[in-house]
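# Observations on the three-dimensional arrangement
Here are the chains, one letter per residue:
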Amino acid sequence: MSEGTQRRIDRSQMRVSDEIAIQITAMNKWYGNFHVLRDIDLTVHKGERIVVCGPSGSGKSTLIRCINRLEEHQQGRIVVDGTELTSDLKNIDKVRSDVGMVFQHFNLFPHLTILENCTLAPIWVRKVPKKEAEDTAMHFLRKVRIPEQAHKYPGQLSGGQQQRVAIARSLCMKPRIMLFDEPTSALDPEMIKEVLDTMIELAQEGMTMICVTHEMGFAQAVANRVVFMDQGQIVEQNSPQEFFNHPKSERTKLFLSQILGH
Amino acid sequence: MSEIHAQTVPFVRETMLPPSAPPRSEAGAVRWLRDNLFSGPMNIALTVLGLMILYVVFQAVLPWLLHSVWNATSLGECREIVARTWGPDASGACWAMIRERWPQYLFGFYPADLYWRPTLAFALLFVALAPVLFSGVPRPLLWFSAVYPMLAFWLLWGGSVWWWVMVIAGLALTYAVFRLAVLRLGAIVAGTLAVVLLAAWSVYAVAPLSGRLDQVIPAAITPVASDRFGGFLLSITIGVTAIGGSLPLGILLALGRRSDMPLVKSLAVGFIEVVRGVPLITVLFTASLLLQYFLPPRVQFDIILRVIIMATLFAAAYIAEVIRGGLAALPRGQYEAADSLGMDYWQAQRLIIMPQALKISIPGIVSSFIGLFKDTTLVAFVALNDPLKGITQIVRSDINWKGIYWEPYVFVGAIFFLICFGMSRYSMYLERRLKRDHR
Ligand SMILES: Nc1ncnc2c1ncn2[C@@H]1O[C@H](COP(=O)(O)OP(=O)(O)OP(=O)(O)O)[C@@H](O)[C@H]1O
Ligand SMILES: [Mg+2]
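Residues numbered from 1 in each chain as written. Chains lettered and ligands numbered in written order. Predicted model: local features only at pLDDT ≥ 70, side-chain atom pairs only at ≥ 80, totals over all residues. Heavy atoms only, no water.

### A word on the sheet that holds strand β3 (residues 49-53) of chain A
Residue and element names in this part refer to chain A. What the 6 strands build is an open sheet, ordered β6-β7-β8-β3-β9-β10; its pairing is mixed. Only two strands of the sheet have a single neighbouring strand rather than two, namely β6 (99-102) and β10 (233-238). Each neighbouring strand pair of the sheet contributes to a mean axis angle of 20°, computed without reference to strand direction. Of the pairings in the sheet, the one linking strand β7 (residues 177-181) to strand β8 (residues 208-212) comprises 5 bridges and is parallel in character. When the bridges of β8 are listed, M178 appears paired with M209. With respect to the sheet, helix α2 (residues 60-67) is in contact with β3, β6, β7, β8 and β9 (225-230), its orientation differing from that of β7 by roughly 155°. The strands touched by helix α3 (residues 89-98) are β6 and β7; relative to β6, the strand with the most contacts, the crossing angle is about 65°. (Pairing = 2+ DSSP bridges. Helix = DSSP H or I, 4+ residues; strand = E, 2+ residues; numbered from the N terminus. Axes fitted to C-alpha atoms, helices over the stretch in contact; angles between N-to-C directions. Contact = heavy atoms within 4.5 Å.)

Take a look at the structure:
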């Protein structure tokens, strides 16, 4: 996808349904005495693409890690796909297997081949037969355009390729929601585009996505809502057009002016 | 083209240079000697000093080795032969003792007509180890590895085969019950149930059932008591069993030490710290003396079994610490990735964490194994006939070999070295193989 076509992305598939995928109400989280997330309210509908941005340390990672319980919240409710996250391990495992997550540092399993990385969880968690899991894995590896790397180890791949494998690995679990935590910020500039293209394709197929990123081009192209966080709170959320062209809060204006480099 | 010209004129390369071989430097032995042994005054001095030390050592040891005597019936005869052939002042090793006492060094007081049993068990050990140690061996052989411990114990101690069949049946039954119960009752209840069942089975079912079966189909071989064991048979039995047991136990302890559950964590920490803080000899004395006090009076707990248990616990504490180091070296992202894919704790440990942590810990684990194997000689302190002290003492109390000093230690030391060196080489092979696999 070239620069020119990026603005003419086909949004016809990217419909948002009325069904609620994630509902966060009055959620608070502390690290010890440090109040990282304060009174978060966020509703995400099926098919929505949310971009979360904000200055470093504002709690973006913590927020999306709460959604699949990599971090525990202390107050409020998080309901994912109808399942509320409590200390009940069954619920946590269910939510985790339905929610894919892509990390800044890929976190591929270095002792397994690319194919094994992709089939491991389906085989052991979903109990899919090995052959079927491999077919699914190859399908998604083709989709992220690296089927020929299937038998290599992660250490033999470039950063961009590794991140695409990480996306494929998550997709193999057939998740209903995908979370991305700065998926491109550990990559060299020439690899960022290949990862973003993969994510854009995913968005076009109607995947529900929450993405922490500072790639504002990506936000403008696919997001239907931008959430701006500062000091553990949601300061502003709006459609990308409004958010970028008419930011309401002073903090947002300051942030945008820094990140867009005026 | 002059240098200035080359740099001032704009340049476009039209043909790419083919790769060429590196320049031939002066190679060969002379260069190696100069680089490594005589590169400077300090180096020359050290080389000369090293050569002198080597000369002194060889001057003392070589004649002794060269004057070895292999055929004699007593130390006196050995000395006579040396004096006769090499002159009255010459000294020579008397390996004739080893020749005569070889079976005793291998088997202790194991009945001579049954030597084939430990020998067979030893040979089968390699068959059982092959699929565990090397990747090219057919996988189904792992079933043999699983049964091997019981087969080996049966061969070594003899008795009824039904006893071991009942043990296997008990294990299988426990496993089946656990698998059925774990779905309905959860891991903790099912695990407790399994442990209780296994204990009850071993106390109430194994002996009567195997006795009954033995009457129907007799299948017993001559039993051999533990006090007949000795020499390398004893060392290898204790060493291999303890090595096999201490790795899984060490893994569990390492996981326990990193557990979120305070009780599990403090038990693991307490165990590791206490065991590491106590000398092995203390632990062995505990095994030989104290354990008997805690057990009901008529329960006779085999001394070798007690020593094996203690050596296993002892090594497990060290291995737990080695593995903890490996676990700490793994980035947190690995745990998070496993979690985010919905794997449960044991799946994540087994599939993601342990394969990597163990790979990092291989050198440390093998060092612990080597230490454990050498420590098996300490069983001499609880009156077992280890090869180094136990058997050697027996040999020296024979009037024919009274006064023999260096030979038994050199001999036993050499065999220990061979085995430990083998383990060390295997660990290097394994590291290399895993590195190749994962890059
Ligand atoms: N495990 C932890 N224990 C204590 N404090 C933490 C922990 N993890 C994060 N924090 C703190 O919580 C705050 C929010 O962290 P978080 O990683 O969510 O920020 P972020 O918005 O993702 O920042 P960045 O853009 O740098 O990734 C930071 O001030 C951080 O120092
Ligand atoms: Mg972050």
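### Observations regarding the site of ligand 1
Residue and element names in this part refer to chain A. In the vicinity of ligand 1, the contacting residues are Y31, F34, V36, P55, S56, G57, S58, G59, K60, S61, T62 and E182. Within the side chain of S56, an N or O atom sits 2.6 Å from an oxygen atom of ligand 1. Here E182 contributes a side-chain N or O atom positioned 3.1 Å from an oxygen atom of ligand 1. The protein chains hide 61% of the 640 Å² of surface that ligand 1 would expose on its own. (Near = heavy atom within 4 Å. Polar contact = N/O pair within 3.5 Å; in protein donor to acceptor, adjacent residues only side chain to side chain. Areas by Shrake-Rupley, 256 points an atom, 1.4 Å probe, with all protein chains shown as cover.)

### Structural notes on the pairing of strand β1 (residues 20-31) of chain A
Residue and element names in this part refer to chain A. With 8 bridges joining them, β1 and strand β2 (residues 34-45) adopt antiparallel strand pairing. From the neighbouring strand, K29 faces β2, where its bridge partner is L37. Linking two consecutive strands that pair antiparallel, namely β1 and β2, is a turn of 2 residues; a positive phi of about 60° is found at G32 within it. Bridge count between β1 and strand β4 (residues 75-80): 5 bridges; the pairing is antiparallel. Among the inter-strand pairings, I24 is bridged to a residue of β4, identified as I78.

### Regarding the sheet that holds β1(A)
Residues and elements named next belong to chain A. Read across the open sheet, the 4 strands follow the order β2-β1-β4-β5; overall the sheet is antiparallel. For this open sheet the edge positions go to β2 and β5 (83-84), each flanked by a neighbour on one side alone. Sitting on the sheet, α2 touches β1, β2 and β4, and the angle it makes with β1 is about 125°.

Distances and angles like these do not, on their own, reveal function.
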